[in-house]
Amino acid sequence: MYSCSDLKKGLKLLVDGEPHIIVGFDFAKPGKGQAIYKCKMRNMITGSIYDRSYRSGDSFEPAPLEEREMQYLYQDEVGYVFMDSKTFEQIHLSEETLGDDHYFIKDNMTVSILLFNGRGIGITLPNFVTLRVTKSDPWVKGDTAAGNSKPATVEGGFTLSVPPFVEEGELIQIDTRTGEYSTRVKG
Amino acid sequence: MEANWSLARKRQALIERARIVQTIRAFFIDRDFLEVETPQRLPANAPEPHIDAVASGDWFLQTSPELCMKRLLAAGYPRLFQLGKVWRAGERGGRHLPEFTLLEWYRRDTDYHALMDDCEGLLRALVPGGSLTVAGRGINLAPQWERLTVVKAFTRHASVPLAAALASGRFEEILTSEVEPHLGSNAPIFLTEYPVELAALARPKPGDVSVAERFELYLGGIEVANAFSELTDPIEQRRRFLHDEAARRASGKVPAPLPEAFLRDLAALPAAAGIALGVDRLVMLLTGAERIDDVVAFTPDDL
């Protein structure tokens, strides 16, 4: 069982009999009062997203998910195709099911497929992924107005904030759990 | 090795933060407040139903410097302020850190209306231009700021009246989801006259003992400061502490000792008023930061 203090982005819970992942989390505590834990939940089966508030004392069941290592093969009109390299069994996951995770999938990457009652409902990525910057405006030296960061787009189309010295064509490491820039990779 | 960007990128915010803290200090020194430092480890905090202290050896880290500040007031110091760290277990979110910076100031021989005037003056000193932009909306800081009672705020903004929200145990939920977003969106606002059971250290309003002389200052929907006309009756204060401590134990919280030295000194306190202002949140508002993480050098996640 989880308690409210375990709630955070990425936690997977069983709510109303279905697995949910917390995609947004905030904590409120108006004027010395009782704490309110505000969660944005995504139903991992239907993909629907909604807000729910919890209060201290509430408890939660972990989502009973199995994980299985599979390799990403290719994308087709149905979605993303993964294969178990021991049994050669294949599984399709739609872009909707993957959510933002689809931005970070690379050819031949090994991921954990999340299974609920035998059905693929999501993936767990490696914590860090290296991607090439495809678009970022050059840094005007001395321009610190933007808080020492600028937007960049990486292969696959994901956009994020990066330090001003990152240039187009460079490889950067991204934390897949937060979607944030981690470091440059010499390549 | 590349420099740690998550630290390096905060340079502008930290420069702004330092300037704000220096301005706050100058503001109170100019007005003849004495700056004090009281101990951060205490044998007992005020027992609050929904605030948990962090244990430190056999004692606790302070959840607020209020008890020591009021003991000094009772000893005759007329005007005091303190800038320091406080700790509240388990509080973490976009506007919460479990260790944060609190500004407290106190005045003897007055009530909480004097603190409202101080708030208006302090913001004027921090923002000479007289207006702020929070989440894309302009906030006009020109005094006098609206004073809205909690009961009227619920009538104006909530789907149920205050009495119903309290009876159903949904006061906090409705306050955060329905009322707070409207508070201080064009100009700062004081939310005043809290139900007396929600203000353990505040004195009842003369003429209406169902409400306490407590206010919260809101800017742009964000709660920035909490103030009281102080309760100065040690017998009533002990009764409230015992009541809240019983509620804490009933909900399974770790038992906390009563602050006996504070209760003893409270008997010497004349009319007084005190306020606690969240410095990190004030810096957020003044710099346009969206998360409290953006205005401190380190969060617990960075350590």
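Whatever comes next refers back to the structure up there.
Values in this document were obtained by computation on a predicted structure and should not be read as measured data. (Residues numbered from 1 in each chain as written. Chains lettered and ligands numbered in written order. Predicted model: local features only at pLDDT ≥ 70, side-chain atom pairs only at ≥ 80, totals over all residues. Heavy atoms only, no water.)

Q: How would you summarise the overall build of chain A if you had to cite specific residues and measurements?
A: Tallying secondary structure elements over chain A gives one helix and 16 strands in all. Taken over the C-alpha atoms alone, chain A extends approximately 55 × 50 × 25 Å along its principal axes. Buried positions account for 41% of the 187 residues belonging to chain A. In chain A, the proportion of contacts linking residues at least 24 apart, taken out of those at least 6 apart, comes to 41%. Accessible surface, chain A: about 9900 Å² in total, of which carbon and sulfur atoms supply 47%. The average position of the 21 basic charges and that of the 27 acidic charges among the side chains of chain A differ by 7 Å. (Helix = DSSP H or I, 4+ residues; strand = E, 2+ residues; numbered from the N terminus. Buried < 20%, exposed > 50% of the residue type's maximum accessible area, 1.4 Å probe, protein only. Contact = heavy atoms within 4.5 Å. Areas by Shrake-Rupley, 256 points an atom, 1.4 Å probe, with all protein chains shown as cover. Lys, Arg positive; Asp, Glu negative; His and termini not counted. Charge placed at Lys NZ, Arg CZ, Asp CG, Glu CD.)

Q: An account of the interface of chain A and chain B is needed here, citing residue identities and associated values.
A: Between chain A and chain B, the residue contacts involve 24 residues of the former and 28 residues of the latter. Notably, a salt bridge pairs B:Glu48 with A:Lys32, separated by 2.7 Å at the nearest N-O pair. At the boundary of chain A and chain B, one finds seven residue pairs in polar contact (both at pLDDT 80 or more). Elements supplying a minimum of two residues to the side of chain A that touches chain B: strand E3 (18–28), strand E4 (36–43), strand E14 (159–162) and strand E16 (180–185) of chain A. A per-element tally of the side of chain A that touches chain B places E3(A) first, with four residues. Looking at the side of chain A that touches chain B residue by residue, the class counts come to 10 nonpolar, eight polar and six charged. (Salt bridge = Lys/Arg side-chain N within 4 Å of Asp/Glu carboxyl O. Polar contact = N/O pair within 3.5 Å; in protein donor to acceptor, adjacent residues only side chain to side chain. Nonpolar A, V, L, I, M, F, W, Y, C, P; charged D, E, K, R; others polar.)

Q: Help me get a handle on the pattern of salt bridges, residues and values and all.
A: Residues and elements named next belong to chain B. In total, this model carries 35 salt bridges over all chains according to the counting rule given. A salt bridge links Arg-17 to Asp-280; the shortest N-O distance between them is 2.9 Å. In this pair, Arg-17 sits in helix H2 (residues 11–30) while Asp-280 sits in helix H10 (residues 279–287), placing the two residues 263 residues apart along the sequence. The burial state of Arg-17 is the same as that of Asp-280; both residues are buried. A salt bridge links Glu-99 to Lys-85, with the shortest nitrogen-to-oxygen separation between them at 2.8 Å. Taken together, the residues span a long stretch of sequence, with Glu-99 in strand E6 (residues 99–108) and Lys-85 in strand E5 (residues 79–87) at a distance of 14 residues. On the basis of relative accessibility, which here comes to 36%, the residue Glu-99 falls in the partly exposed class.

Q: Break down helix H5 (residues 150–157) of chain B for me, with residues and values.
A: Residues and elements named next belong to chain B. Within H5, the full set of buried residues consists of Val-150, Ala-153 and Phe-154. Seen end-on, H5 carries its buried residues on one side only, within an arc spanning 100°. Structural note: H5 exposes Lys-152 and Thr-155 on the side pointing more than 90 degrees away from its buried face. (Arc of directions from axis to C-beta.)

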